[in-house]
Amino acid sequence: MAEFAFDAPLFQENAWVFAAVPFDVADEVDELTRGRQGGFGSVRVEVTLGPTTWRTSFFPDKTRGTFVLPVKKAVRTAAGVGPGDTVPVAVRLLDV
């Protein structure tokens, strides 16, 4: 089971809020999941941010050169965070 913990800044793009995955973590995730990634290069993950744990996917962001993690409003509200904040994230890869 592959697990990672990192701090990531939240940023807003249109109506969505994302956390950018650090480059070193993204490189390792890409290596571990190559050939098993879903549509658009997505990677299924289980994430914990603050008091909330949920399942979602990392998505590749060619502009940033890393994966991004969508963080829904209910998660941000429960953790008391928003765009511009740096948040601690724990991730478990689901398809490894």
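Since the structure is predicted, the reported quantities are computational estimates derived from the model, not experimental observations.

### Details of the sheet that holds strand E4 (residues 52-61)
Item 1. Spatially, E1-E2-E5-E4-E3-E6 is the arrangement adopted by the six strands of the closed barrel, whose pairing is antiparallel. Mean inter-strand twist for the sheet, computed between neighbouring axes without regard to direction, equals 45°.
Item 2. Examined bridge by bridge, strand E3 (residues 43-49) and strand E6 (residues 86-93) share four bridges and lie antiparallel to one another. Paired with Glu46 across the bridge in E6 is Arg92.

### Considering the pairing of strand E1 (residues 3-13)
Item 1. By the bridge criterion, seven bridges tie E1 to E6 in an arrangement that is antiparallel. In the strand pairing of E6, Ala8 is matched with Val87.
Item 2. In this structure, E1 lies alongside strand E2 (residues 16-20), joined through four bridges in antiparallel fashion. When the sheet's bridge partners are listed, Glu13 is paired in E2 with Trp16.
Item 3. Here E1 hands over to E2 after two residues, with Asn14 in that stretch at a positive phi of 60°.

Quick notes on the rules
- Residues numbered from 1 in each chain as written.
- Predicted model: local features only at pLDDT ≥ 70, side-chain atom pairs only at ≥ 80, totals over all residues.
- Heavy atoms only, no water.
- Pairing = 2+ DSSP bridges.
- Helix = DSSP H or I, 4+ residues; strand = E, 2+ residues; numbered from the N terminus.
- Axes fitted to C-alpha atoms, helices over the stretch in contact; angles between N-to-C directions.

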